[in-house]
Amino acid sequence: MEIEGFGVIGSGQMGNGIAQVAATSGLKVLMSDIKQEFCDKGMATITKNLDRSVSKGKLEPAERDAILGRITTTTDLGAMEAVDFVVEAAVEREDLKFKIFEDLDRFCKPHTILSTNTSSIPIGRIAARTKRPDKVIGMHFMNPVPVMKLVEVIKGLPTSEETFQTTWSLSQKFGKTPAEANDFPGFIANRILMPMINEAVFCVYQSVGKVEDIDTVMKLGMNHPMGPLALADLIGLDTCLAIMETLYDGFKDSKYRPCPLLRKYVEAGWLGRKTGKGFYDY
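Residues numbered from 1 in each chain as written. Predicted model: local features only at pLDDT ≥ 70, side-chain atom pairs only at ≥ 80, totals over all residues. Heavy atoms only, no water.

(A) Quick peek at the nonpolar core. Phe 6, Phe 141 and Phe 174 are the most contacted members of the largest nonpolar core, which totals 33 residues. Look past the residues within four positions of Phe 141 in its chain and what remains in contact with it is Met 14, Ile 18, Val 21, Asn 117, Leu 150, Val 151 and Phe 174. The next biggest cluster of nonpolar side chains, apart from the first, holds 23 residues, and it includes Ile 214, Ala 232, Leu 237 and Leu 262. (Core = buried A, V, L, I, M, F, W, Y, C linked by side-chain atoms within 4.5 Å. Buried < 20%, exposed > 50% of the residue type's maximum accessible area, 1.4 Å probe, protein only. Contact = heavy atoms within 4.5 Å.)

Laid out in structure tokens, this is it:
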């Protein structure tokens, strides 16, 4: 299927990154959020990213202007009736995602593919909230989206092969490397990553080591570019907790039990970089 109009639900960290790569690939992008100030903030981030590329000589000013010119913002979810493919990039809350997909199913044209950037929620569960489950799929980008090459493409039980192939091709059009994952809580990336982060939090909780030392061990001992606690701050501790809870609820296995310290930080509003405080101060 030919994709001309591309919609993004959410203009935050993930949403504006997805909008940027889609517009860079030549698509007309409609980015939606619940408040215009959120859309404006998302556009400011995209502009800052592109300006940085211009200053480094990686992008011509005219190209930057063309990319920005392909992005429109809206606070009206009904405007998504104009697009052929939607990526939902709202916060990792199941009830919120269910509501968004129910609304998109009503607003969007029958051929439109509805994808979700969910980090962990099973695709079949989301697809069941629509009357087009064959056109619902997972398209999980990594953070930061303009830099990271991976996209997990996750088929739900009812997802059609045409929907899968369209999403796979779109990922490649964006300059990404797609990887297929089956529809289990956490998929591949977060089923492996989040228990590691959670165990690092347990190491802090049980005074096995200090935050800096735990990250140093993982960076120098395991050759990770970033320590797990710094990475958790980048992802958002609320998102990490939500994913661990999804894994725990989905598998009923105690190895996925969220560390009490992680929950305590989230309850205190220490969510990482986005709030200025997490395991590190920003």
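(B) View of unusual backbone geometry. A cis amide bond links Asn 143 with the next residue in sequence, Pro 144, at an omega value of 0°. One can find Pro 144 in the loop between strand S6 (136–141) and strand S7 (150–155). We note that Phe 187 has phi near 55°; this positive angle belongs to a residue other than glycine. For Phe 187, a relative accessible area of 4% corresponds to the buried category. A positive phi angle, near 60°, is found at Asn 223, a position not held by glycine. If you trace the backbone, Asn 223 turns up in the loop between helix H8 (211–221) and helix H9 (228–235). (Helix = DSSP H or I, 4+ residues; strand = E, 2+ residues; numbered from the N terminus.)

(C) Highlighting the UniProt feature "site: Important for catalytic activity" (unreviewed entry) in the protein chain. Per the UniProt record, "site: Important for catalytic activity" (unreviewed entry) is found at His 140. Here His 140 shows up in strand S6. Apart from residues lying up to four places away in sequence, His 140 is in contact with Thr 116, Asn 117, Thr 118, Ser 119, Leu 150, Val 151, Glu 152, Ile 154 and Asn 190. At a separation of 2.8 Å, a polar atom in the side chain of His 140 contacts the side chain of Glu 152. (UniProt positions renumbered as here; feature names shortened; annotations may be inferred. Polar contact = N/O pair within 3.5 Å; in protein donor to acceptor, adjacent residues only side chain to side chain.)

(D) Structural context of the sheet that holds S6. Across the sheet, which stays open at both edges, the eight strands sit in the order S3-S2-S1-S4-S5-S6-S7-S8 with mixed pairing between neighbours. Each end of this open sheet is capped by a strand with a single partner; those strands are strand S3 (71–74) and strand S8 (177–181). Neighbour-to-neighbour, the strand axes of the sheet open up by a mean angle of 25°, direction not taken into account. Strand direction decides the pairing type here: strand S2 (residues 28–32) and S3, joined by four bridges, are parallel. Within S3, the position partnered with Met 31 by the bridge is Thr 73. (Pairing = 2+ DSSP bridges. Axes fitted to C-alpha atoms, helices over the stretch in contact; angles between N-to-C directions.)

(E) Here's a closer look at the domain arrangement of the protein chain. Each assigned domain of the protein chain is listed here: domain 1 (5–182) and domain 2 (190–275). Using C-alpha coordinates to define each centre, domain 1 is positioned 26 Å away from domain 2. Counting residues at the interface gives eight residues for domain 1, matched by seven residues for domain 2. Interface of domain 1 and domain 2: buried area, both sides summed, is about 590 Å²; carbon and sulfur atoms make up 54% of it. (Domains from an automatic or database assignment. Buried area = accessible area lost by both parts, 1.4 Å probe.)

(F) Summary view of the packing of aromatic side chains. As enumerated under the stated definition, the model contains eight aromatic pairs in all. Seen from their ring centres, Phe 251 and Tyr 256 are 5.4 Å apart, and the 35° between their planes marks the pair as tilted. By relative accessible area, Tyr 256 is classed as buried at 4%. Taken together, Phe 6, Phe 85, Phe 141 and Phe 174 form an aromatic cluster joined through their ring pairs. The cationic tip of Arg 106 hangs over the ring face of Phe 107; the distance from NZ or CZ to the ring centre is 4.8 Å. Lying across the ring of Trp 270, Lys 277 places its NZ or CZ 4.6 Å from the centre. (Phe/Tyr/Trp six-rings, centres within 6.5 Å; stacked < 30°, edge-to-face > 60°. Lys NZ or Arg CZ within 6 Å of the ring centre and 35° of its normal.)

(G) Seen up close, the environment of Phe 107. Along the chain, Phe 107 falls in helix H4 (residues 94–107). Note: C-alpha distance between Phe 107 and Met 80 (27 residues apart in sequence) is 6.6 Å.

(H) Region of the structure containing the pattern of salt bridges. The tally for this structure, following the rule as stated, stands at 15 salt bridges. Salt-bridge contacts for Arg 64 lead to Asp 51; the nearest nitrogen and oxygen are separated by 3.1 Å. With Arg 64 in helix H3 (residues 61–69) and Asp 51 in helix H2 (residues 36–55), this residue pair connects regions lying 13 residues apart in the sequence. Overall, the relative accessible area of 33% leaves Asp 51 in the partly exposed class. Linking Lys 135 and Asp 134 is a salt bridge whose minimum nitrogen-to-oxygen distance equals 3.3 Å. Note on Lys 135: relative accessible area 22%, which makes it partly exposed. Residue Asp 134 is classed as partly exposed on the basis of its relative accessible area, which comes to 28%. One connected set of salt bridges, linked through shared partners, spans Asp 51, Arg 64 and Asp 65. (Salt bridge = Lys/Arg side-chain N within 4 Å of Asp/Glu carboxyl O.)

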